[in-house]
Amino acid sequence: MLREWDAAAYDSLPLPHLRWGRRTLERLSFAGDETVLEAGCGTGRDTESLLDRLPHGRVVAVDGSARMLQRLRERLAGRLDRVEAIQADLLAPLPVAEPADAAFSVATFHWIHDHDTLFANIARALRPGARFAVDCGGEGNVARVRAAIEDVLGEPTGMWNFAGPEETRERLERAGFTDVEVALVEDPARLEPGERFHSYLAIVVLGAHLDRIPPAEHRAFVEAVAARLDEPVVDYVRLTFTATRAG
């Protein structure tokens, strides 16, 4: 099932995702007239930056959340002639009219449990020679936060898919990618303590867990997780990779 997000609340936060997006796009080069697939576009922050680099190009922006896509359309009003916003499941064949010249994704793939199918779908949506750049949660990501969640729940959480470099390389190659470069990068995010930290946890990190409990228990759950962390830090470990769609 595709997860819906509180897009307005998400967009109001000081997200490290902005930094991740910039450095992911920096790993791609553009002539300026390409069609680029964005897998998990969210509210369009990275889409906006990408459009600045594609004065004669266009973006196919895909996300599973209708609210995120609506926020993207509001953000990019006036530029939507160069953006095709599609609500779709990345585990299903992507409804794109023509193969894209490049693809990228930021902070999305750790929500998807079947990376073999995911990478195969992305490959089918790209022309031979297209470059693919990604930043997502990797092996060891949010380990302290995850331990706090499991302590509160009293059971393991299988909410995310934090893959390692070697298994990712193998999956990409099976899906038809070459020139694979993959790494794990520690990138902790320090937040303002108190209510700001609690809001960040609730909206960005714990949302899928909160979907499973009654709304009246949300605040107590977030506070219980935060209380088990020594400092207002989310211990991110990013899985970054680039690859080329084989001919």
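Remember, it's a predicted structure, so these values are computed and weren't measured experimentally. (Residues numbered from 1 in each chain as written. Predicted model: local features only at pLDDT ≥ 70, side-chain atom pairs only at ≥ 80, totals over all residues. Heavy atoms only, no water.)

*Asks:* Summarise the environment of L184; cite the residues concerned and give the values.
*Replies:* Residue position: L184 is located in strand 6 (residues 177-186). On the basis of relative accessibility, which here comes to 34%, the residue L184 falls in the partly exposed class. Sequence separation of L184 and G138 is 46 residues, and the distance between their C-alpha atoms is 6.6 Å. Residues contacting L184, with those up to four places away along its chain left out, are G138, E139, A163, P165, V237, R238 and L239. (Helix = DSSP H or I, 4+ residues; strand = E, 2+ residues; numbered from the N terminus. Buried < 20%, exposed > 50% of the residue type's maximum accessible area, 1.4 Å probe, protein only. Contact = heavy atoms within 4.5 Å.)

*Asks:* Hey, could you go over the packing of helix 5 (residues 115-124) against helix 7 (residues 165-174) for me, with residue numbers and the actual values?
*Replies:* Running from N to C, helix 5 and helix 7 cross one another at 45 degrees; their axes reach a closest spacing of 9 Å. Considering the angle they form, helix 5 stands oblique to helix 7. Handedness of the helix 5/helix 7 crossing: right-handed. Residues H115, D116 and F119 of helix 5 touch helix 7, and the partners they reach there are T168, R171, L172 and R174. The residue inventory of the contact of helix 5 with helix 7, partitioned by class, reads 2 nonpolar, 2 polar and 3 charged. (Axes fitted to C-alpha atoms, helices over the stretch in contact; angles between N-to-C directions. Parallel < 35°, antiparallel > 145°, perpendicular 65-115°, else oblique. Left-handed = near helix turned anticlockwise from the far one by under 90°. Nonpolar A, V, L, I, M, F, W, Y, C, P; charged D, E, K, R; others polar.)

*Asks:* Give a description of the UniProt feature "domain: Methyltransferase" (unreviewed entry) in the chain that names residues and reports values.
*Replies:* Residues annotated by UniProt as "domain: Methyltransferase" (unreviewed entry) correspond here to residues 36-129. In this annotation, residues 36-129 is assigned 31% helix and 28% strand; the end-to-end C-alpha distance for the span is 13 Å. (UniProt positions renumbered as here; feature names shortened; annotations may be inferred.)

*Asks:* Could you give an account of the pattern of salt bridges, with specific residues and numbers?
*Replies:* On inspection of all chains with the given rule, the structure shows 19 salt bridges. Between E84 and R58 there is a salt bridge, with the nearest N and O atoms lying 3.2 Å from each other. Of this pair, E84 sits in strand 3 (residues 83-87) while R58 sits in strand 2 (residues 58-63), and the two are 26 residues apart along the sequence. Here the salt bridges do not stand alone but share partners, grouping R19, R23, D135, D187 and R238 into one network. (Salt bridge = Lys/Arg side-chain N within 4 Å of Asp/Glu carboxyl O.)

*Asks:* Go over helix 2 (residues 17-25), please, and point to the residues and values.
*Replies:* Every buried residue belonging to helix 2 is among H17, W20, G21, T24 and L25, and all of these are buried. The arc enclosing the buried residues of helix 2, seen along the axis, measures out at 125 degrees, which places them on a common side. (Arc of directions from axis to C-beta.)

*Asks:* Outline the environment of R73, supporting the account with residue identities and numerical values.
*Replies:* Mapped onto the fold, R73 is located in helix 4 (residues 66-75). Once the C-alpha coordinates of R73 and A85 are considered, the two residues, 12 residues apart in sequence, prove to be 7.9 Å apart. When residues no more than four places from it in sequence are discounted, the contact partners of R73 are L80 and A85.

*Asks:* Report on the packing of helix 2 against helix 3 (residues 45-53), specifying residues and quantitative values.
*Replies:* Direction vectors running N to C along helix 2 and helix 3 enclose 30 degrees, while the axes themselves pass 10 Å from each other. As the angle between them shows, helix 2 and helix 3 are arranged roughly parallel. Viewed along their axes, helix 2 and helix 3 form a crossing whose handedness is right-handed. Seen from helix 2, the contacting residues are H17, L18, G21 and L25; seen from helix 3, they are R45, D46, S49, L50 and R53. Class assignment of the residues belonging to the contact of helix 2 with helix 3 gives a composition of 3 nonpolar, 3 polar and 3 charged.

*Asks:* Which residues make up the sheet that holds strand 5 (residues 126-137), and what are the values?
*Replies:* One open sheet accounts for 7 strands, arranged 3-2-1-4-5-9-6; its pairing is mixed. Unpaired on one side and paired on the other, strand 3 and strand 6 mark the two borders of the sheet. Direction aside, neighbouring strands of the sheet carry axes that sit 15 degrees apart on average. (Pairing = 2+ DSSP bridges.)

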